[in-house]
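One-letter residues, chain by chain:
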Amino acid sequence: IERDGSQTVMSLVGGTPPAAMVQTLRAVLSGNLQELESLYRASALGSIERWTLHLEPRSADTAIREVRLSGKGGMVDEIEVVERGGDKTVTTLSR
């Protein structure tokens, strides 16, 4: 991540929150239901105009407690990753 001239390097492997966000977003955007179901128990709320996808990891060995994606139509506009320790990362996507 580069911001204001400084760089931060994050691991995108294992059960880290950034890795979970990347892995989840890849599976959702590619429409890979098989991968999502292997990693999470999923439930959806809302309608095509405004929806939320709630994902709970199947494995207790991950640092992630839950992932929530929300959006409109076929577009994801927010990703919320809640860690088991209670920390939360919210990423807002804009077009």
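Residues numbered from 1 in each chain as written. Predicted model: local features only at pLDDT ≥ 70, side-chain atom pairs only at ≥ 80, totals over all residues. Heavy atoms only, no water.

Caption draft 1: Representation of the nonpolar core within the structure. Of all hydrophobic cores here, the largest spans 14 residues; its most connected members are Y40, L55, V67, L69, V76 and I79. For this core, the elements supplying multiple residues, two or more each, are α1 (17-30), β4 (50-57), β5 (64-72) and β6 (75-83). (Core = buried A, V, L, I, M, F, W, Y, C linked by side-chain atoms within 4.5 Å. Buried < 20%, exposed > 50% of the residue type's maximum accessible area, 1.4 Å probe, protein only. Helix = DSSP H or I, 4+ residues; strand = E, 2+ residues; numbered from the N terminus.)

Caption draft 2: Molecular detail of the pairing of strand β7 (residues 88-92). Here five bridges tie β6 to β7, and the two strands are oriented antiparallel to one another. Across the sheet, the residue bridging to V81 is T89, located in β7. Following β6, the chain reverses through four residues before pairing antiparallel with β7; G86 in that reversal takes a positive phi of roughly 105 degrees. (Pairing = 2+ DSSP bridges.)

Caption draft 3: Main features of the environment of A27. Along the chain, A27 turns up in helix α1. Separated by 10 residues in the primary sequence, A27 and E37 place their C-alpha atoms 9.8 Å from one another. The residues touching A27, leaving out its near neighbours within four places in the chain, are N32, E35 and L36. (Contact = heavy atoms within 4.5 Å.)

Caption draft 4: The arrangement of the pairing of β5 in detail. Bridging between β4 and β5 involves five bridges; their strand directions are antiparallel. When the bridges of β5 are listed, T52 appears paired with S70. Across eight bridges, β5 lies against β6 in antiparallel orientation. By the bridge assignment for β6, E66 is matched with V82. Here β5 folds back onto β6 in antiparallel fashion, the turn holding two residues, of which G73 has a positive phi close to 55 degrees.

Caption draft 5: Examining the pattern of salt bridges more closely. A full pass over the atoms with the stated rule returns five salt bridges. A salt bridge links R41 to E56; its shortest N-O distance comes to 3.3 Å. Of this pair, R41 sits in strand β3 (residues 40-47) while E56 is found in strand β4, placing the two residues 15 residues apart along the sequence. Several salt bridges converge on common partners, so that one network encompasses E66, R68, E80 and K88. (Salt bridge = Lys/Arg side-chain N within 4 Å of Asp/Glu carboxyl O.)

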